[in-house]
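# Breakdown of the fold
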Amino acid sequence: HYGNLYGTSRSAVQDMFSRGKDVIFDVEPRGARSLKPVLSGRGFFVFIMPPSLEALQQRLTNRATEGKEQREKRLAQAFNEMNEAKWYDRLVINDNFEQALLDLETIYLSLKG
């Protein structure tokens with residue numbers, strides 16, 4: 001994320017699928033868009049969104065793990081990513097962590113159904 005590059009090989013993912021394993025990726029929209037056609041309908045995409053940019057800004061400020069310039073860069077990126085949420089299969093608002101986790105569990109279990 002945010003300037004870091006990560007990757008998982010297609011063969012590693014196919015191996016997990018062939019063994020009946022579920023695969024969960026934590027990727028930004030650009031990565032998700034590139035995964036969607038590769039997964040050929042086997043993927044389900046959930047966008048986890050902050051309740052607002054203001055709430056995200058407050059969370060980042062409270063963490064105090066980054067300088068002001070890096071926080072502003074992350075906020076600009078978050079704004080751009082939030083505009084990508086429309087093409088995801090589901091949206092989860094991370095306003096309350098326990099509720100967001102429950103929402104994600106419910107989505108996952110409904111797909112296992």
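Residues numbered from 1 in each chain as written. Predicted model: local features only at pLDDT ≥ 70, side-chain atom pairs only at ≥ 80, totals over all residues. Heavy atoms only, no water.

### Here we look at the packing of aromatic side chains
In total, this model carries four aromatic pairs according to the counting rule given. With centroids separated by 5.9 Å and ring planes inclined at 50°, the aromatic side chains of Phe45 and Trp87 adopt a geometry described as tilted. Taken together, the residues Phe45 in the loop between helix 2 (29-38) and strand 1 (46-49) and Trp87 in the loop between helix 4 (68-82) and strand 2 (90-93) connect sequence positions 42 residues apart. We classify Phe45 as buried; its relative accessible area is 7%. We classify Trp87 as buried; its relative accessible area is 15%. For the cation-ring pair, Arg42 lies above Phe17, with the distance from its terminal atom to the ring centre recorded as 3.8 Å. (Phe/Tyr/Trp six-rings, centres within 6.5 Å; stacked < 30°, edge-to-face > 60°. Helix = DSSP H or I, 4+ residues; strand = E, 2+ residues; numbered from the N terminus. Buried < 20%, exposed > 50% of the residue type's maximum accessible area, 1.4 Å probe, protein only. Lys NZ or Arg CZ within 6 Å of the ring centre and 35° of its normal.)

### A few points about the nonpolar core
Grouped together as the largest cluster of nonpolar side chains are 12 residues: Val13, Phe17, Ala32, Leu35, Leu39, Phe45, Phe47, Met49, Met82, Ala85, Trp87 and Tyr88. Counting only elements with at least two residues in this core, the list comes to helix 1 (10-18), helix 2 and strand 1. Setting aside residues up to four positions removed in sequence, Val13 forms contacts with Thr8, Val23, Phe25 and Leu39. (Core = buried A, V, L, I, M, F, W, Y, C linked by side-chain atoms within 4.5 Å. Contact = heavy atoms within 4.5 Å.)

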